[in-house]
Amino acid sequence: QKEVEQDPGPLSVPEGAIVSLNCTYSNSAFQYFMWYRQYSRKGPELLMYTYSSGNKEDGRFTAQVDKSSKYISLFIRDSQPSDSATYLCAMSDSGGGADGLTFGKGTHLIIQP
Amino acid sequence: SAVISQKPSRDICQRGTSLTIQCQVDSQVTMMFWYRQQPGQSLTLIATANQGSEATYESGFVIDKFPISRPNLTFSTLTVSNMSPEDSSIYLCSVAPTPGGPYGYTFGSGTRLTVV
């Protein structure tokens, strides 16, 4: 069983729709959860960061973490064509930056105009 | 957050040769990380590079294949040695969050390597 499971898609939705992206994980030691956006031929760009369980909102983006279920989500409201990208979930059990991140495979999202 | 310059952005190499990828950061950072992103796969951590000490490699990656240098707090290189077509991938460097700064690992734009 892989440490982090993420549906690679592609996920295609019409402009303006609410998008839901999800990851499940198996390592209960993970405490720091991130979502990255990666455009084609670019490096990953940090979108959201959450520590432990709970919700975090930033503009059109909401990140949710449910540690009891080992399940994290990213919601995108009022989706735009410019949101079309690959979204990667990432996790760490260390907050000090001494360890690297464990990633999901990424979900390829397409927002149709 | 730190700004990372990574080069080359892409290269096509002959099998059996080696390629060195450079990563320059605009600020001093303690920890740097090297990842591989194979088509359809997760970003996979290759090794962690701490200035002044030997790099720490993840399971499945060895120093002879992926030697890393970390001569100072703003620079690192990853060499892909004796390349085969299976090494065709995107290679990315990353830096850890700065103590006291906003949390989040920053990534370079990646090196797209094709081995023929």
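Use the structure listed above.
All values reported here derive from a predicted model rather than from experimental measurement. (Residues numbered from 1 in each chain as written. Chains lettered and ligands numbered in written order. Predicted model: local features only at pLDDT ≥ 70, side-chain atom pairs only at ≥ 80, totals over all residues. Heavy atoms only, no water.)

A. Geometry of the nonpolar core. Counting 26 residues, the largest nonpolar core has Trp34, Ile46, Phe66, Ile68, Leu78, Tyr91 and Leu113 of chain B as its most contacted members. Looking at this core, the elements with two or more residues in it are β3 (19-25), β4 (31-37), β5 (43-50), β8 (75-80), β9 (89-95) and β11 (111-115) of chain B. Once residues lying within four places of it in the same chain are set aside, the contact partners of leucine 78 of chain B are Leu19, Thr20, Ile21, Trp34, Ile46, Phe66, Pro67, Ile68 and Tyr91 of chain B. Listed in part, the 24 residues of the second largest apolar core include Val19, Leu47, Phe61 and Met91 of chain A. (Core = buried A, V, L, I, M, F, W, Y, C linked by side-chain atoms within 4.5 Å. Buried < 20%, exposed > 50% of the residue type's maximum accessible area, 1.4 Å probe, protein only. Helix = DSSP H or I, 4+ residues; strand = E, 2+ residues; numbered from the N terminus. Contact = heavy atoms within 4.5 Å.)

B. Up close: the environment of valine 115 of chain B. Residues and elements named next belong to chain B. Relative to the helices and strands, valine 115 is located in strand β11. Taking relative accessible area as the criterion, valine 115 reaches 6% and is therefore assigned buried. Measuring from C-alpha to C-alpha, the distance between valine 115 and glutamine 37 comes to 15 Å, with 78 residues separating the pair along the chain.

C. Quick look at the interface of chain B and chain A. At the junction of the two partners, chain B supplies 21 residues and chain A supplies 22 residues. Together chain B and chain A conceal approximately 1,700 Å² of surface at their shared face, both sides included; 53% is due to carbon and sulfur atoms. Contributions of two or more residues to the side of chain B that touches chain A are made by β4 and β5 of chain B. Here the side of chain B that touches chain A is built from residues that sort into 11 nonpolar, eight polar and two charged. (Buried area = accessible area lost by both parts, 1.4 Å probe. Nonpolar A, V, L, I, M, F, W, Y, C, P; charged D, E, K, R; others polar.)

D. Main features of the state of the cysteines. Tallied over the full model, the rule gives two disulfides over all chains. The disulfide partner of cysteine 23 of chain A is cysteine 89 of chain A, and the S-S distance across this bridge is 2.0 Å. Looking down the S-S bond of the cysteine 23 of chain A and cysteine 89 of chain A bridge, the torsion is -100°, so its handedness is left-handed. In this pair, cysteine 23 of chain A is assigned in strand β3 (residues 19-25) and cysteine 89 of chain A in strand β9 (residues 85-92), connecting sequence segments 66 residues apart. With a relative accessible area of 1%, cysteine 23 of chain A lands in the buried category. By relative accessible area, which is 0% here, cysteine 89 of chain A ends up buried. Sulfur-sulfur distance for the disulfide between cysteine 23 of chain B and cysteine 93 of chain B comes to 1.9 Å. Linking cysteine 23 of chain B and cysteine 93 of chain B, the disulfide has an S-S dihedral of approximately 65° and is accordingly described as right-handed. Placement of cysteine 23 of chain B in strand β3 and of cysteine 93 of chain B in strand β9 is noted, with a sequence separation of 70 residues between them. Counting only cysteine sulfurs, cysteine 93 of chain B is the nearest neighbor of cysteine 13 of chain B, a cysteine outside any disulfide, at a range of 17 Å. (Disulfide = S-S within 2.5 Å.)

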